[in-house]
Amino acid sequence: MPGSSLRSLQTRMRRALLHAVFFGMILGLGLAGCRRKKALTEPAPAAEPTPSAIAAIPPPKPVPLPVIPRKPMEVAQLFQGISFLHKLGVKDSERLASLEREEPGSYTVEIEVTVKKPRPSRTLEDFHSNDPELAKILGGIPDFPDQAKVSPAFDKIYRLKEDWIRERLGQLDQLLSRHNYYDCETVLEFTAAKTGRRALVFKGDMDVNTDGSDGDRNITVDSSSRFFQPQTSFRWKKQTGRENPFLTATKDRLAELKAEYAVKGLSPERNAQLKAGIEMLSRRVYDLKTWSFLVAATDPFIVLPGFMMRTADGETPLAGVGDYAVVIYGGKAYPAVVGDAGPSFKFGEASLRLCQELNPRSSSLSRPISELKVGYLVFPGTAEEPAPPDLDHWHKRCATLLEEIGLTSVNLHSWENLVQPWPTPTPTPAPTPASEPVPSPAPNPSTTETPAAPVEPSDGASAEPVPAPPQKAPEEPEAAQATPEEG
């Protein structure tokens with residue numbers, strides 16, 4: 001028995017061992033399949049390089065950073081197109097910060113304005129370099145520019161610009177802009193050999209003038225420009241009783257200044273401002289009551305620097321208010337007059353009517369011509385007795401003056417009169433006079449017949465009415481004068 005039990009136990013152990021080996025093989029095959037599947041789906045890790053291989057690999061080239069151009073804020077844009085050159089200078093000090101803070105010279109900014117004064121155009125080549133079309137027209141004038149001379153006014157206008165800048169070096173926002181410094185390219189004085197007709201030849205840009213008012217003419221005036229003035233230098237005596245449209249507002253403003261000036265305790269600076277304002281508005285009230293003026297929206301005129309029309313030390317002014325002028329631009333000529341005096345340091349200004357003819361987009365906020373391509377011919381000593389503009393007469397005079405300097409082939413523009421007549425007032429109908437009653441005939445005093453006794457009226461009967469005494473017809477009232485609407 002013991003032997004059979006031992007053999008039985010050995011048999012079971014062999015079977016268990018065989019089962020273990022069998023299951024182990026199956027498990028090994030399954031794990032191998034999983035590893036194979038993973039190997040097919042994932043890349044095998046790269047083998048680690050040896051130290052010698054690492055030394056042989058060149059280092060990667062550095063990727064350059066993108067170059068972003070430096071764009072600092074241009075200070076010149078804040079100051080009328082003027083270029084500012086700047087650098088910082090630092091000096092070591094032996095003093096403490098608390099002491100340097102109190103020293104004005106420790107932290108300073110030095111300003112030096114440098115401008116290049118231009119030379120004037122003298123030859124046709126100079127004109128041609130900027131505007132061949134204008135050079136061609138001016139080249140049609142006999143002996144021009146050979147017999148022309150540069151006017152001293154060219155040098156003076158640039159000296160006045162320099163004075164303006166010098167006086168405002170501490171106020172950078174008040175300096176002349178680059179545009180307004182370089183606004184005049186030449187001033188030439190010319191005399192035609194055959195006729196002796198004098199002419200001034202200017203070349204520059206053109207800005208807009210919106211000034212002027214006139215109560216006598218039916219014109220709508222736009223006064224919205226911040227630089228608007230109701231007066232112009234060209235003026236003539238008022239011819240009607242119609243009030244200037246800006247007189248009432250000027251009187252009201254004058255009254256306001258006078259009321260403030262009467263207040264006690266104002267600062268000397270404010271009192272000086274009020275006094276100057278009162279004097280200016282008092283003169284304006286007188287002018288608006290007395291004169292009529294050109295109106296920029298309807299009348300073609302140009303503006304010259306004031307110093308050119310003033311006398312000094314007995315000298316003859318270069319030109320005068322009312323002198324005839326011709327503006328040349330784009331191959332065409334435009335009749336005009338010298339209508340106003342502008343700042344002495346600035347050139348190139350014309351009425352809104354003239355500007356919009358050259359460039360329809362012109363306005364008080366948009367100049368017509370920015371380039372120095374406008375020619376101005378002014379004929380000194382040709383002013384006539386001041387009167388309301390007669391555009392047909394102006395055209396004839398300018399055509400004659402152009403002929404006198406030998407310029408006959410230019411296309412001279414004809415202006416249309418934009419001023420409308422006042423509407424005819426509708427008369428007020430006169431009231432119909434009341435008809436006079438016819439009185440009863442008076443009794444004949446020669447008759448001896450005794451009048452009959454009055455008959456008492458019976459019920460329902462009315463006595464004969466007694467005629468009322470004749471009434472005086474009402475006097476016809478004067479027809480009220482209709483006031484035409486003012487523009």
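Since we're looking at a predicted model, the values are computed, not measured.

Caption draft 1: Seen up close, the overall build of the chain. Within the chain, the secondary structure is distributed over eleven helices and eleven strands. Counting all 487 residues of the chain, 32% fall into the buried class. In the chain, of all internal contacts separated by at least 6 residues, the share reaching a separation of at least 24 is 77%. As displayed, the chain has an accessible area near 33600 Å², and 56% of this comes from carbon and sulfur atoms.

Caption draft 2: The arrangement of the layout of surface pockets in detail. In this structure, the largest pocket encloses a volume near 1500 Å³. L85, H86, V109, E110 and I111 are, among the 36 residues lining the largest pocket, the residues nearest its centre. Residue composition of the lining of the largest pocket, grouped by class: 18 nonpolar, ten polar and eight charged. Within this model, the second largest pocket holds a volume of roughly 980 Å³. Taken together, 31 residues line the second largest pocket, and the ones lying closest to its centre are N180, D207, V208, F227 and K346. Counting only elements with at least two residues in the lining of the second largest pocket, the list comes to α7 (178-181), β3 (198-209) and β8 (332-342).

Caption draft 3: Just the pairing of β3, in detail. Judged by how many residues are buried, β3 sits mostly within the fold: eleven of twelve residues are covered. Turn length for the strand β2 (residues 184-191)-β3 hairpin, with the two strands adjacent in sequence and antiparallel, is six residues, and the turn residue G196 shows positive phi of about 75°. Pairing geometry for β3 and strand β9 (residues 349-351), over three bridges, is parallel. The residue of β9 that forms the bridge with V208 is A350.

Caption draft 4: Summary view of the packing of aromatic side chains. In total, this model carries eleven aromatic pairs according to the counting rule given. Ring plane angle 25° and centroid distance 4.1 Å describe the contact between W164 and F345, whose orientation is recorded as stacked. Of this pair, W164 sits in helix α6 (residues 152-166) while F345 is found in the loop between β8 and β9, placing the two residues 181 residues apart along the sequence. The class for W164 is partly exposed, based on a relative accessible area of 23%. By relative accessible area, F345 is classed as buried at 17%. When the centroid spacing of 5.3 Å and the interplanar angle of 80° are considered together, the rings of F347 and Y376 count as edge-to-face. Separated by 29 residues along the polypeptide, F347 in the loop between β8 and β9 and Y376 in strand β10 (residues 369-378) bring together distant segments of the chain. Taking the relative accessible area as the measure of exposure, Y376 reaches 3% and is therefore buried. In textbook terms, an aromatic cluster arises when at least three aromatic residues are bridged by ring pairs, as seen for F154, Y158, Y181 and Y182. For the cation-ring pair, K161 lies above Y158, with the distance from its terminal atom to the ring centre recorded as 5.5 Å.

Caption draft 5: Region of interest: helix α8 (residues 247-261). For α8, which comprises 15 residues, the first-to-last C-alpha distance of 21 Å matches the rise-based estimate of 21 Å (1.5 Å per residue) to within 8%. Listed in full, the buried residues belonging to α8 are L247, T250, L254 and L257. Down the axis of α8, the buried set is contained in an arc of 90°. They therefore lie on one face. Buried residues along α8 sit against α9 (268-290).

Caption draft 6: Spatial organisation of the side chain of K161. Locating K161 in the fold gives a position in helix α6. There is a polar contact of 2.8 Å between the side chain of K161 and the backbone oxygen of N180. If we skip the residues at most four places from it in the chain, K161 touches L176, N180, Y181, D183, F345 and K346.

Caption draft 7: Region of the structure containing the environment of V90. On the secondary structure map, V90 appears in the loop between α2 (51-56) and α3 (97-100). With 17 residues separating them in the primary sequence, V90 and Y107 have C-alpha atoms 9.6 Å apart.

Caption draft 8: Broad picture of the nonpolar core. Membership of the largest hydrophobic core comes to 73 residues, with the highest contact counts inside it found for F202, I302 and L377. When residues of this core are assigned to their parent elements, the largest contribution, six residues, is made by β3. The contact partners of L377, leaving out residues within four places of it in the chain, are L138, L200, V201, Y324, A325, V326, I328, L402, I405 and L407. Grouped together as the second largest cluster of nonpolar side chains are 15 residues, I219, F228, L254 and F293 included.

Caption draft 9: Main features of the pattern of salt bridges. Applying the stated criterion to the full structure yields 18 salt bridges. Put simply, K373 and E371 hold a salt bridge, and the shortest N to O gap is 3.7 Å. Owing to a relative accessible area of 22%, K373 belongs among the partly exposed residues under this scheme. Counted as one network, the salt bridges with shared partners bring together K117, D155 and R159.

Cut-offs used in this document
- Residues numbered from 1 in each chain as written.
- Predicted model: local features only at pLDDT ≥ 70, side-chain atom pairs only at ≥ 80, totals over all residues.
- Heavy atoms only, no water.
- Helix = DSSP H or I, 4+ residues; strand = E, 2+ residues; numbered from the N terminus.
- Buried < 20%, exposed > 50% of the residue type's maximum accessible area, 1.4 Å probe, protein only.
- Contact = heavy atoms within 4.5 Å.
- Areas by Shrake-Rupley, 256 points an atom, 1.4 Å probe, with all protein chains shown as cover.
- 1 Å grid on protein atoms, 1.4 Å probe; cavity = no way out; pocket = protein on both sides within 12 Å on 5 of 7 lines; lining within 4 Å.
- Points joined across faces, edges and corners; volume = space filled by probe spheres on them.
- Nonpolar A, V, L, I, M, F, W, Y, C, P; charged D, E, K, R; others polar.
- Pairing = 2+ DSSP bridges.
- Phe/Tyr/Trp six-rings, centres within 6.5 Å; stacked < 30°, edge-to-face > 60°.
- Lys NZ or Arg CZ within 6 Å of the ring centre and 35° of its normal.
- Expected span 1.5 Å × (residues − 1).
- Arc of directions from axis to C-beta.
- Polar contact = N/O pair within 3.5 Å; in protein donor to acceptor, adjacent residues only side chain to side chain.
- Core = buried A, V, L, I, M, F, W, Y, C linked by side-chain atoms within 4.5 Å.
- Salt bridge = Lys/Arg side-chain N within 4 Å of Asp/Glu carboxyl O.

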